[in-house]
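Examination of the molecular architecture
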Amino acid sequence: MAERDSLTLHVPDVPSGGVSLDCEVDAERLNLATTDSKVRDQLLVQAEVIPAGNEVLVSGVVTGTFVRECVRCLKHYDDTCRIAFRVEYRASKPEVTRRSRAGDRQAQDKPEEAAPSPEGEGYSYAGEDLDLGPMLREQVILANPMQPLCHQDCRGLCPVCGEDRNVVQCGCAEARPPNPFAVLRQRWPHDGNST
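So, here is what we can say about the structure in this document. (Residues numbered from 1 in each chain as written. Predicted model: local features only at pLDDT ≥ 70, side-chain atom pairs only at ≥ 80, totals over all residues. Heavy atoms only, no water.)

Observations concerning the overall build of the chain
Helix and strand content of the chain: two helices and 10 strands. Written out in order from the N terminus, the α and β elements of the chain read β-β-β-β-β-β-β-β-β-β-α-α. The buried share among the 195 residues of the chain stands at 29%. Pairs at least 24 residues apart make up 53% of the contacts formed inside the chain by residues separated by at least 6 positions. As displayed, the chain has an accessible area near 13700 Å², and 49% of this comes from carbon and sulfur atoms. (Helix = DSSP H or I, 4+ residues; strand = E, 2+ residues; numbered from the N terminus. Buried < 20%, exposed > 50% of the residue type's maximum accessible area, 1.4 Å probe, protein only. Contact = heavy atoms within 4.5 Å. Areas by Shrake-Rupley, 256 points an atom, 1.4 Å probe, with all protein chains shown as cover.)

Below you can see the structure in the form of structure tokens.
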């Protein structure tokens, strides 16, 4: 069994009143690729973990600085975020699978990884160890903005010369988009007669 770290809890050791987590983790611990979310330095995780029967309730925040690329001017900028989460984990029993080959009578336990439950209302875990890493990775990815902007009034790049309009007034005349009906006018010029 791999050594437990600050994000891996041994559930039987969690007291009934719960336990607080306060730790720093890096992007590698959460298996975050730069295509998922590029993290500057460390992420701070603060969470409360409370056992409740066959469930474990986890709530808290992940705080960190992410490097984003503005969709208008393509500049990289730092975005400090505070990502709140509240999830529940349910204990699940490992499935037993039997090999069907003739003469093979071994039964194997197939442990489940912590993953979203089929109902989509929480996560499940098998065994006595609960790894918060996959859940935190998902929370960070879901918090990525769809249209990241370095600032709300970013003027973007000039479509003619490519200059950053936040820095330089290039003076280019912005071409109007072509009229989609111009092709029809060229093929069938209007002469006032209808056919």
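On we go from here.
Description of helix α1 (residues 133-142)
For α1, the complete set of buried residues consists of Gly133, Met135, Leu136, Gln139 and Val140. Projected down its long axis, α1 shows its buried positions confined to an angular sector of 160 degrees, all on one face. (Arc of directions from axis to C-beta.)

A word on the side chain of Thr8
The topology assignment puts Thr8 in strand β1 (residues 8-10). When its relative accessible area of 17% is taken as the criterion, Thr8 is described as buried. Here the side chain of Thr8 touches Asp5 through a polar contact of 3.0 Å, side chain to side chain. (Polar contact = N/O pair within 3.5 Å; in protein donor to acceptor, adjacent residues only side chain to side chain.)

Section: unusual backbone geometry
Non-glycine residue Asn31 carries a positive phi angle of around 55 degrees. With respect to the secondary-structure elements, Asn31 resides in the loop between β2 (19-25) and β3 (38-52). We classify Asn31 as exposed; its relative accessible area is 59%. If you check the backbone angles, Leu74 has positive phi at about 65 degrees while not being a glycine. Along the chain, Leu74 falls in the loop between β4 (55-69) and β5 (76-92).

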